[in-house]
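Breakdown of the fold
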Amino acid sequence: MRERWWAPDGPLDVGLALQPHKRGGGDPTWRQSGDGAVWRTSRTPDGPCTLRVSVEAGRVHGQAWGPGAEWALEALPGLLGGLDNISGFIVKHEVLAEAVRKNPGLRIGRTGRVMEALVPAVLEQKVVGREAWRAWRWLLDRYGEPAPGPAPEGMRVIPEAAVWRQIPSWHWHRAGAEAVRARTIANAAWHAGKLEAAATTEELDRLLRALPGIGVWTSAEVRQRALGDPDAVSVGDFHLAKLVGYALTGEKTDDEGMLRLLEPYLGHRHRATLLVWLTGLRPPARGPRMAVRDYRSF
């Protein structure tokens, strides 16, 4: 076991920083224990690891197990938003200003691990969350590794890129992922080395969007998590534009309207959308929800 203490230089909400990496209530890579500590698994450049993060007396306590423990602890401040630069972010709407006042510890973290963000993002393409999260759990239960150290029961580590390339079609089917998403993930896994080595968010965006099946939305979702991009807007999201429009104007809008509303926050548009989520403002629900499909029965 390795450990590290880290004192952030300002307000920090560890839960908010780590929440974007949680994929549903049963995510085998993410747990929160009764004492408030967050457990997270990762496949680092040095190998798998389990990371436990807690806060004691205003300082962050990181504990890690496995071959990737030292790498994970070195990257801990970045994971929690310690490298997040909020300079130039000026709140210009009272709704967002109130969200800032209520959430002074909001920071955008970065994992530095592209495939860990890419696989679940592709699984979430054009489906409801529960459908994608079910597939994520099935695939990690089948192909992931047991979490190193004293991790909570059932935790798994995402498999290596080579494993994603070798998953047979019938197992994608059993997971509930149709052929298009399966091919997108397998193809991206062939290019994992280049993707993981991308030095900037612009470079990663270019590499991702050159791959079949990966567009603006998926690239943004990956860059938000892997590189902590504060400006990567999830254009094409089923809910986001409506939420932004309703929170800032009282009326729902589309992607084009959302981008106009976010223009004053250029460079921090993703940060602005996070604050919109935190307002809790939601447009009135009308009509039936999108149904959960099950490709296993097709």
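These lines cover the structure that appears in this document, whether it is placed above or below. (Residues numbered from 1 in each chain as written. Predicted model: local features only at pLDDT ≥ 70, side-chain atom pairs only at ≥ 80, totals over all residues. Heavy atoms only, no water.)

Most of strand β3 (residues 38-44) is tucked away, with seven of its seven residues classed as buried. Residues of β3 alternate between two faces, with Val38, Arg40, Ser42 and Thr44 on one and Trp39, Thr41 and Arg43 on the opposite face, all of them buried. The pairing of strand β2 (residues 30-32) with β3 spans three bridges and is classified as antiparallel. In the strand pairing of β3, Gln32 is matched with Val38. (Buried < 20%, exposed > 50% of the residue type's maximum accessible area, 1.4 Å probe, protein only. Helix = DSSP H or I, 4+ residues; strand = E, 2+ residues; numbered from the N terminus. Pairing = 2+ DSSP bridges.)

Turning to the packing of helix α13 (residues 240-249) against helix α15 (residues 269-279), a few remarks are in order. Look at α13 against α15: their axes get within 10 Å of each other, and the N-to-C directions meet at 75°. Judged on the interaxial angle alone, α15 and α13 are roughly perpendicular. Here Leu240, Leu243, Val244 and Ala247 of α13 lie close against α15, whose contacting residues are Thr273, Val276, Trp277 and Thr279. A breakdown of the residues in the contact of α13 with α15 according to their chemical character gives six nonpolar, two polar and no charged. (Axes fitted to C-alpha atoms, helices over the stretch in contact; angles between N-to-C directions. Parallel < 35°, antiparallel > 145°, perpendicular 65-115°, else oblique. Contact = heavy atoms within 4.5 Å. Nonpolar A, V, L, I, M, F, W, Y, C, P; charged D, E, K, R; others polar.)

This part takes up the pairing of strand β4 (residues 47-56). In terms of residue burial, β4 counts as a mostly covered element, since eight of its ten residues are buried. Where β3 and β4 come together, seven bridges link them in antiparallel fashion. Bridge pairing links Thr41 to Thr50 in β4. Count of turn residues in the β3/β4 antiparallel hairpin: two residues. Taken together, the seven bridges between β4 and strand β5 (residues 59-65) define a ladder with antiparallel strand orientation. Bridge pairing in β5 links Val53 to Gly62. Linking β4 to β5, which pair antiparallel, is a turn of two residues; within it Ala57 sits at a positive phi near 55°.

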